[in-house]
Amino acid sequence: MDYERQPYRRCGRSGLLLPAVSLGLWHNFGEGKSLESQRAILHKALDLGITHFDIADRYGPPIGAAEAAFGRIFPRSLRDEAVVTTKGSNPMWDGPYGKGNSRKHLLATLDRSLARLGLDYVDIFYLHREDADTPLEEQVAALDHMVRTGRALYVGVSNFSPENTAEAARLLRELGTPLLVHQPPYSLLNRRIEKSLLGVLEQEGIGCVVYSPLAQGLLTDRYLNGIPADSRAAEGRFLTADRVTPEVLAFVRSLSELAGARGQSVAQLALAWALRDPRITSVLVGASSPEQLEANVAAVDHLDFTDEELATIERAAKEAGIEG
């Protein structure tokens, strides 16, 4: 493992360091992908100094497949050198206890995740989404119980509002289990967290690990000449063709020009841009091949932006009508 390949950032005010670029197993770890291809991606991640692996109970398909694949290919000799995360809240089995953020479901789904992962504990367990039907006090008490029983070292939330994030942090602080991290979407095409969530995280000392920093592939050169037949947009997988608008393409073309001047690809520029804010702990990237992962990690070779470059990005977004 090459610990010099990329920088490591402190997660909020905790003692935990995470790599600037982390591997998400949302895509490419499940049905239709060979175990050998998944193993090659995981081993390349380790070679690149990626110590943080983000999963969820439902990732697949089928549901649970990403955890099961990770459990089969992760080298147990490196357990103490890796941060492995998973999430709950998702519909996982039939009946009234198969989803949501009740204590009943959360503890059961974590135990099932640990069995699939082949691990005694996860480093971070997230509430994957809000649950208005369960009192927040019950949700955070379940998180606290996970830590106290050794099932998780840290806990976090994902896709929570700024208000519920602050309240969850307060309740967990009273229980003695800090809220370590929030995981929201963030990219040049989705900047909503800048309005208030990042301020809450900074005030509370909570880290921020962002997903979809490439907007499901829109912030790459993949769609500049049309929609490829094998792309997510063509297949409707997490990205639909109607999102590949002329305005978005105009914006990406502007980014491509700037990226070329910086010696980067559009994807590398987009990842570096997300990491420009010191409140962002890490960006999660998926990969369909070891080569793609290596290219994404190369974003850390040029993370600095001049004021003129940032102004160029803002101007291009405004001209294309991109609200973010």
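Residues numbered from 1 in each chain as written. Predicted model: local features only at pLDDT ≥ 70, side-chain atom pairs only at ≥ 80, totals over all residues. Heavy atoms only, no water.

Novice: How should I be thinking about the environment of Glu138 in this particular structure?
Specialist: Counting through the fold element by element, Glu138 comes out in helix α4 (residues 136-148). C-alpha separation for the pair Glu138 and Thr165, spaced 27 residues apart in sequence, amounts to 15 Å. In this structure Glu138 touches Ser102 and Arg103, once residues within four positions along its chain are discounted. (Helix = DSSP H or I, 4+ residues; strand = E, 2+ residues; numbered from the N terminus. Contact = heavy atoms within 4.5 Å.)

Novice: What should I look at first to understand the state of the cysteines in this one?
Specialist: When the sulfur atoms of two cysteines share a covalent bond, that bond is a disulfide. As enumerated under the stated definition, the model contains zero disulfides in all. Here Cys11 stays free of any disulfide, with the sulfur of Cys208 as its closest cysteine sulfur at 8.9 Å. Classification of Cys11 as buried rests on a relative accessible area of 0%. (Disulfide = S-S within 2.5 Å. Buried < 20%, exposed > 50% of the residue type's maximum accessible area, 1.4 Å probe, protein only.)

Novice: Mind showing me how you'd approach the pairing of strand β7 (residues 152-158) here?
Specialist: On any regular strand, side chains alternate: one points to one face of the sheet, the next to the other face. The element β7 is largely enclosed, with a buried count of five among its seven residues. Across five bridges, the pairing between strand β6 (residues 122-127) and β7 is parallel. Paired with Tyr126 across the strands is Gly156, a residue of β7. Following the chain from β6 across α4 to the adjacent parallel β7, one finds a crossover that is right-handed. Here four bridges tie β7 to strand β8 (residues 179-183), and the two strands are oriented parallel to one another. For Ser158, the partnering residue across the bridge sits in β8 and is Gln183. Regarding topology, helix α5 (residues 162-175) serves as the crossover connection from β7 to the parallel β8, and that connection is right-handed. (Pairing = 2+ DSSP bridges. Right-handed = clockwise from strand over helix to strand, strands pointing away.)

Novice: Explain the packing of helix α2 (residues 65-73) against helix α3 (residues 103-117) to me, please; I cannot follow it from the model alone.
Specialist: The axes of two packed helices give the description: the angle between them and the distance between them. One way to put it is that α2 packs onto α3 with a least axis distance of 7 Å and a crossing angle of 40°. Taken together, α2 and α3 sit at an angle that is classed as oblique. Between α2, through Glu67, Ala68, Phe70 and Gly71, and α3, the contact on the second element is made entirely by Ser113, Arg116 and Leu117. Looking at side-chain class alone, the contact of α2 with α3 contains three nonpolar, two polar and two charged residues. (Axes fitted to C-alpha atoms, helices over the stretch in contact; angles between N-to-C directions. Parallel < 35°, antiparallel > 145°, perpendicular 65-115°, else oblique. Nonpolar A, V, L, I, M, F, W, Y, C, P; charged D, E, K, R; others polar.)

Novice: Looking at this structure, how should I read the pairing of strand β5 (residues 83-88)?
Specialist: For β5, the tally of buried residues reaches six of six residues, placing the bulk of the element in the interior. By the bridge criterion, three bridges tie strand β4 (residues 52-54) to β5 in an arrangement that is parallel. What sits directly across from His52, in β5, is Val83. Considered for its hand, the β-α-β crossover made up of β4, α2 and β5 is right-handed. Of the strand pairs in this sheet, β5 and β6 are connected by four bridges, and their pairing is parallel. Its bridge partner being in β6, Lys87 is matched across the sheet by Tyr126. What joins β5 to β6 is α3, and the crossover it makes is right-handed.

Novice: Any chance you could explain the nonpolar core here in plain terms?
Specialist: Note on soluble globular proteins: their nonpolar side chains tend to be buried together. In this structure, Phe251 and Leu293 are the most contacted members of the largest nonpolar core, which totals 93 residues. The biggest single contributor to this core is helix α9 (residues 266-274), with eight residues. The residues touching Phe251, leaving out its near neighbours within four places in the chain, are Leu188, Leu189, Ile313, Ala316, Ala317, Ala320 and Ile322. Residues Leu16, Leu180, Val181 and Val209 belong to the second largest nonpolar core, which totals 11 residues. (Core = buried A, V, L, I, M, F, W, Y, C linked by side-chain atoms within 4.5 Å.)

That's the geometry; what it means functionally is another story.
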